[in-house]
Amino acid sequence: MSSQQAPSPLSIEQIVAIKTPESPAWSPDGTQLAYRLAGFEHGEIWLSDLTGDPVQLTAGDTPAGPPVWDGNERIVFTRGQAICRVSTAGEEQTILELPADATRVTVLPTADAVVYVHEGDAWLWYWHDHTPAEQPQRMTTGEWLMTRLVHRITDVFFPSPDGMHIAIACPRPHNLDLAVFSRDTNTLHQVMPGNDVETGVIWSPDGSKLAFTRYDWRVKWRELWVCEPTGENPLRIWRDESRQWVSRFQFDAAFSPHGNYIAFVAPIDDFGQVLVAHADGTNDPMQVSEPGAEAEQPRWSPDKDWISYLSNQSRQKRLHLVNALHREERHDPIRHAGSVSSYAWSSAGHRIVTIVSNHDRPDVLAAIRTETGGLPVIADHNHGIGAQVNDILVSTTTIPSDDEEWEIPILTMRRRDLPQDHSAPGIIYIHGGGQGQYAVPVWQGYTGAGTTYAANMMLAQMGYVVSIVDYRGSWNYGRKYETASYLDVGGGDLRDIVEATHWLGRQPQVDPQRIGVWGRSYGGFMTTLCMVKHPALYAAGVNLVGVFNWVDYYHYLSDRAPGVWSRSRFELPEEHPALYRERNPLEYIEKLDAPYLALYGDDDANVPIDHCRQMVRALTDHGKDFDLVVYPDEPHIFTRAATWHDTIRRAQRHFETHLKH
């Protein structure tokens, strides 16, 4: 491709302006689809009738929350501390105003009430048509919720489909209890209280049963239970055990339309597979998904014995339909291009709406007719992106690990016209979490609408060869690969990154002396570890909100259920003090030699800002030259468009200064 034909690179302004559809909600009659169009500091409700262009229903200075249909062609949603409603004609009104400090606001599926956390407790506030109740109802008493911990867990409320029961995840100092509040009796029941963790709640369609996961605080076993809303008649459906840890802390499950069966994901043949069991425990679970690939998100057709699920194939997620009782699979109605991240059945079961992306296209909404097939796009809010990045070649490969035990997946982006003269700088991007799957030919949505994916695409357009590595610990390559970092965080996975760096340096376009590295969260930790343990390999690095002191990290997060991340991989600090110390990059900071940029938010509930302070002390004590930016009021994943604009600009400038010379 000549320079005259090449499209102009993505700009940072375009990247932070990308919006993605989310939370699709079918109207009760299945003829209309409401969804939230989200971006940084943006969120509005849109509506599609599946035939024409979607229309925007809401507009406001504060982002709108996910849509919930109320059964009267109206949609209820949150907007800041307000509960609002909009008609399909776009007439918006405020139903009620919540307390200023209300958090975890959740509209019930019946769209007639809202639950939230306020003053240390869980509250319920309902309304009838235009008239809200005069006073909200307190569901818990005292400091039962321990609200200092609430902000550190993902989900607090799990309402039943009929809105008559609300399951509440209750954080404790070392576990997570589960309780159910009944609107009929105004009573609260604890479900199997104890020292273990209970979460991941789903309800049967009629609200007569709930299922939840339970695992021990060291994450060595995990169970799926079914019981009544009062906690009575508990029944264990499945149990996993592992010498390392049971991966994917929550079961992915769904009840059948009549509530008599439950489909769930459990590890079989080294992959998670979809199993079906009778909800009363009268049969052994039966596998319905195809072996050899990771399955997830089982969902039942609302009117038949068909189960849909996603299967990770060729590093993309494909949608499958299978008869739950006869294992007859249907392929024709669901063939499509791209990778599905989530989906939802219509109430009649004739359509499935999917959120689909490709390597050169952010998420779009598409609807499948289950009888006739096809995948018409019904909403694409980022027109022209594909044409603008068609100068980029996106390819995937695998390389052997240094011990030849694993095949390490790599995704590479580069301009098609780069000469093969070893003149281009290279960049390694390290994803966060110590888990997940990112070396895939799919526009990733991990931060905003695929912000870091788009930033890497932009760097590739600027002449860098960018490689994203799914180091050991990443998902969808088998449970053995996923748990291979057990007692080896920053060990084998670091070697995988180093092997990928050597591989990148051998590519005919790349100058091996000009390779940079960057990543966020766990990727920021790994970026720093790469630079201090292999200083000769990396000419520059950017650390976004990286972890450092694993002992501090353990104690900071050990008072909440998600703190199991540290316990599962490291075990306890007193059991492996040398490992906790040896995998701290600050122990080797005197070896840092390349230009180093660090970017943090001072309101991070995951990686405490004290890690940044420790880093600054270590760098200054050793006389290192570095650049640091701390963004005020930003959490672990930055939320403001201006912050991301500055972050990408600084990373781009850092690499331009130190790699393009």
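Residues numbered from 1 in each chain as written. Predicted model: local features only at pLDDT ≥ 70, side-chain atom pairs only at ≥ 80, totals over all residues. Heavy atoms only, no water.

Chemist: Help me understand the overall build of the chain, please; the structure alone is not making it clear to me.
Modeler: When helices and strands are counted, the chain shows twelve helices and 41 strands. Over its C-alpha atoms the chain spans a radius of gyration of 25 Å, differing by no more than 12% from the 26 Å that the globule rule assigns to 661 residues. In terms of overall dimensions, the chain has C-alpha extents of about 70 × 60 × 50 Å along its principal axes. When contacts within the chain are restricted to residue pairs at least 6 apart in sequence, long-range pairs at least 24 apart make up 55% of them. When the accessible surface of the chain is split by element, carbon and sulfur atoms take 47% of a total near 24900 Å². Distance from the positive charge centre (56 side chains) to the negative charge centre (85 side chains) of the chain: 4 Å. (Helix = DSSP H or I, 4+ residues; strand = E, 2+ residues; numbered from the N terminus. Rg over C-alpha atoms; globule rule 2.2 N^0.38 Å. Contact = heavy atoms within 4.5 Å. Areas by Shrake-Rupley, 256 points an atom, 1.4 Å probe, with all protein chains shown as cover. Lys, Arg positive; Asp, Glu negative; His and termini not counted. Charge placed at Lys NZ, Arg CZ, Asp CG, Glu CD.)

Chemist: What's the story with the pattern of salt bridges in this structure? I'm lost.
Modeler: Side-chain pairing between opposite charges can occur once the charged atoms of the two side chains come close. A full pass over the atoms with the stated rule returns 31 salt bridges. We note a salt bridge from arginine 218 to glutamate 571, for which the minimum N-O separation is 2.5 Å. Here arginine 218, found in the loop between β19 (210-215) and β20 (221-227), pairs with glutamate 571, found in the loop between α9 (564-570) and α10 (577-582); they are 353 residues apart in sequence, far enough to count as distant. Glutamate 571 carries the same exposure label as arginine 218, and that label is buried. For the salt bridge of aspartate 417 with arginine 415, the shortest nitrogen-to-oxygen distance reads 2.7 Å. If you follow the salt bridges from partner to partner, you end up with Arg214, Glu223, Arg236, Arg239 and Glu241 in one network. (Salt bridge = Lys/Arg side-chain N within 4 Å of Asp/Glu carboxyl O. Buried < 20%, exposed > 50% of the residue type's maximum accessible area, 1.4 Å probe, protein only.)

Chemist: How should I be thinking about the layout of surface pockets in this particular structure?
Modeler: Any empty space left between the atoms is revealed when a probe the size of a water molecule rolls over them. Taken as a whole, the second largest pocket spans an internal volume of roughly 250 Å³. Lining the second largest pocket are 13 residues, with Gly65, Pro66, Thr78, Gly80 and Val105 sitting closest to its centre. For the lining of the second largest pocket, the element with the most residues is strand β9 (residues 103-107), which contributes three residues. Of the residues assigned to the lining of the second largest pocket, the class counts are five nonpolar, five polar and three charged. (1 Å grid on protein atoms, 1.4 Å probe; cavity = no way out; pocket = protein on both sides within 12 Å on 5 of 7 lines; lining within 4 Å. Points joined across faces, edges and corners; volume = space filled by probe spheres on them. Nonpolar A, V, L, I, M, F, W, Y, C, P; charged D, E, K, R; others polar.)

Chemist: Help me understand the pairing of strand β27 (residues 306-313), please; the structure alone is not making it clear to me.
Modeler: As a general feature of sheets, a regular strand has side chains that alternate between the two faces. Taking burial as the measure, the eight residues of β27 include seven buried ones, the bulk of the element. Relative to β27, strand β26 (residues 295-300) is paired through four bridges, and the arrangement is antiparallel. Looking across to β27, one finds that alanine 295 is bridged to serine 311. What sits between the antiparallel neighbours β26 and β27 is a turn of five residues. Judged from the eight bridges that link them, β27 and strand β28 (residues 316-323) form a sheet pairing that is antiparallel. (Pairing = 2+ DSSP bridges.)

Chemist: For this particular structure, what's the right way to read the sheet that holds strand β8 (residues 92-97)?
Modeler: Strands in a sheet are paired, the pairing made by backbone hydrogen bonds, and the direction either parallel or antiparallel. One open sheet holds the four strands; their spatial order is β5-β6-β7-β8, and the pairing between them is antiparallel. With one partner strand each, in any of the chains shown, β5 (68-69) and β8 form the two edges of the open sheet. The sheet contact formed by β5 and strand β6 (residues 74-79) spans two bridges and is antiparallel. By the bridge assignment for β6, tryptophan 69 is matched with isoleucine 75.

Chemist: I keep staring at the side chain of threonine 370 and nothing clicks. Help me out?
Modeler: For threonine 370, the location among the structural elements is in the loop between β32 (361-369) and β33 (377-379). A distance of 3.3 Å separates the side chain of threonine 370 from the backbone oxygen of glycine 349, its partner in a polar contact. (Polar contact = N/O pair within 3.5 Å; in protein donor to acceptor, adjacent residues only side chain to side chain.)

Chemist: What is the right way to look at the environment of glutamate 92 in this model?
Modeler: Structurally, glutamate 92 is set in strand β8. Taking the C-alpha atoms as reference points, glutamate 92 and arginine 74, separated by 18 residues in sequence, lie 9.5 Å from one another. Contacts of glutamate 92, omitting those with residues within four sequence positions, involve Thr58, Ala59, Phe77, Arg79, Cys84, Arg85 and Val86.

Chemist: Looking at this structure, I do not really get helix α4 (residues 451-461). What am I missing?
Modeler: An α-helical segment advances 3.6 residues per turn. Residues three or four places apart therefore align on the same side. A large share of α4 lies buried, amounting to eleven of its eleven residues. Of the positions making up α4, those classed as buried are Thr451, Thr452, Tyr453, Ala454, Ala455, Asn456, Met457, Met458, Leu459, Ala460 and Gln461. Immediately downstream of α4, the backbone of glycine 463 shows phi near 110°, a positive value.

Chemist: What is the right way to read the state of the cysteines from this model?
Modeler: Joining two cysteines, a disulfide is a covalent bond between their sulfur atoms. Evaluated as defined, the whole model comprises zero disulfides. Free of any disulfide, cysteine 170 has its nearest cysteine sulfur in cysteine 227, 14 Å distant. (Disulfide = S-S within 2.5 Å.)

Chemist: Please explain the packing of aromatic side chains as it appears in this structure.
Modeler: In this description, a pair of aromatic rings is defined by centroid distance and the angle of the planes. Applying the stated criterion across every chain yields a total of 19 aromatic pairs. Aromatic side chains tyrosine 429 and tryptophan 518 sit 5.2 Å apart centroid to centroid with 70° between the ring planes, which places their arrangement in the edge-to-face category. Note that tyrosine 429 is positioned in strand β36 (residues 424-430) and tryptophan 518 in strand β38 (residues 510-520), a separation of 89 residues in sequence. Taking relative accessible area as the criterion, tyrosine 429 reaches 5% and is therefore assigned buried. (Phe/Tyr/Trp six-rings, centres within 6.5 Å; stacked < 30°, edge-to-face > 60°.)

Chemist: I'm lost on the packing of helix α6 (residues 492-505) against helix α7 (residues 522-533) in this one. Help?
Modeler: Any two packed helices are characterised by how steeply their axes cross, that is the angle between the axes, and by the distance between the axes. Running from N to C, α6 and α7 point in directions that differ by 70°, and their axes come no closer than 10 Å. The angle between α6 and α7 falls in the class roughly perpendicular. Side by side, α6 and α7 meet where Asp493, Leu494 and Ile497 of the first sit next to Tyr522, Met526, Leu529, Cys530 and Lys533 of the second. (Axes fitted to C-alpha atoms, helices over the stretch in contact; angles between N-to-C directions. Parallel < 35°, antiparallel > 145°, perpendicular 65-115°, else oblique.)

Chemist: What am I meant to see in the pairing of strand β10 (residues 113-118) here?
Modeler: Burial within β10 is extensive, with six of its six residues counted as buried. Alternating positions in β10 separate into two faces, Ala113, Val115 and Val117 on one and Val114, Tyr116 and His118 on the other, with burial throughout. The sheet contact formed by β9 and β10 spans three bridges and is antiparallel. Along β10, the bridge assignment pairs threonine 106 with valine 115. Hairpin connection, β9 to β10: the antiparallel pair is bridged by five residues, and alanine 111 has positive phi, about 55°. Relative to strand β11 (residues 121-128), β10 is paired through six bridges, and the arrangement is antiparallel. Its bridge partner being in β11, tyrosine 116 is matched across the sheet by tryptophan 123. The hairpin turn running from β10 into β11, its antiparallel successor, is two residues long, and glutamate 119 in that turn takes a positive phi close to 55°.

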